[in-house]
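Notes for the structure review
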Amino acid sequence: MPSYELALVLRQLPRPELISVIRRTAESILDKGGIIRKLENLGTRALPHKVSEHGVVHREGTHFSIAFDTAPTKIADLKEEFGRDIDIIRRYIFKVEEPEQMPCTLHEEMLPPAYRKDVQEIIAAAQKKQKKKFNYNSGLDYYPFQK
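Calculation criteria
Residues numbered from 1 in each chain as written. Predicted model: local features only at pLDDT ≥ 70, side-chain atom pairs only at ≥ 80, totals over all residues. Heavy atoms only, no water. Helix = DSSP H or I, 4+ residues; strand = E, 2+ residues; numbered from the N terminus. Buried < 20%, exposed > 50% of the residue type's maximum accessible area, 1.4 Å probe, protein only. Contact = heavy atoms within 4.5 Å. Areas by Shrake-Rupley, 256 points an atom, 1.4 Å probe, with all protein chains shown as cover. Pairing = 2+ DSSP bridges. Polar contact = N/O pair within 3.5 Å; in protein donor to acceptor, adjacent residues only side chain to side chain. Axes fitted to C-alpha atoms, helices over the stretch in contact; angles between N-to-C directions.

**Re the overall build of the protein**
- Across its full length, the protein holds 4 helices and 4 strands.
- Along its sequence from the N terminus, the protein presents helices and strands in the succession β-α-β-β-α-β-α-α.
- Buried positions account for 24% of the 147 residues belonging to the protein.
- Contacts in the protein between residues at least 24 apart in sequence constitute 70% of all its contacts with a sequence separation of at least 6.
- Of the roughly 11500 Å² of accessible surface on the protein, a fraction of 54% belongs to carbon and sulfur atoms.

In structure tokens form, the structure reads like this:
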């Protein structure tokens, strides 16, 4: 199953109600066959601009981040369910891409330039692009162009 990250902005709530909203959100992910990997509270902050959601204007929100795994077919159902929840101001689901593994090339980079593979490739490419020189054995006993 692919990994996803859910960024939530919840309306300003007392702590017991906030816990119930997070529990509701987590249960909906688990009901759809998802696995929650990480739940992170990013705190209560002022929103960058006032947001009108479900007929109420919000100026502050509590931010949460939930990392989870689920089937791609269930994402649309989760978005719809979170959209109907009146306690959630904003919700964004991002697909988490695996970081590309880069091999360590420190040993090659510490070599002198003449021994590095990338420098040798640059030299070989430069030698291929050199112009051909005039062949003095062309059958003429003089150089036809002024020198």
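Now that the structure has been shown, the text picks up again.
**Some words on the pairing of strand β3 (residues 56-69)**
- Of all 14 residues in β3, 10 are buried, a share of seventy percent or more.
- In this sheet, β3 lies alongside strand β1 (residues 3-11) in antiparallel orientation, the contact comprising 9 bridges. For V9, the partnering residue across the bridge sits in β3 and is H63.
- The pairing of strand β2 (residues 35-53) with β3 spans 13 bridges and is antiparallel. In the sheet register, V51 faces β3, and the bridge partner there is H58.
- In this antiparallel pair of consecutive strands, β2 and β3, the connection spans 2 residues, and H54 shows a positive phi of 55°.

**With respect to the pairing of β1**
- The pairing of β1 with strand β4 (residues 88-95) spans 7 bridges and is antiparallel. Within the sheet, the bridge partner assigned to L8 lies in β4 and is R91.

**With respect to the side chain of D85**
- Along the chain, the position of D85 falls in the loop between α2 (75-84) and β4.
- A distance of 3.0 Å separates a polar atom in the side chain of D85 from a polar atom in the side chain of R24.

**So, unusual backbone geometry**
- Here H54, not a glycine, exhibits a phi torsion of approximately 55°, which is positive.
- Topologically, H54 is positioned in the loop between β2 and β3.

**As for the sheet that holds β3**
- What the 4 strands build is an open sheet, ordered β2-β3-β1-β4; its pairing is antiparallel. Every interior strand has two partners, whereas the edge strands, β2 and β4, have only one. Pairwise comparison of adjacent strand axes, ignoring direction, gives a mean angle of 20° for this sheet.
- Sheet contacts for α2: β1, β3 and β4; angle to β4, the most-contacted strand, approximately 165°.

**Some details on the side chain of E53**
- Counting through the fold element by element, E53 comes out in strand β2.
- Overall, E53 belongs to the buried group, its relative accessible area being 14%.
- Among the polar contacts made by the side chain of E53, one reaches the side chain of R90 at a distance of 2.9 Å.

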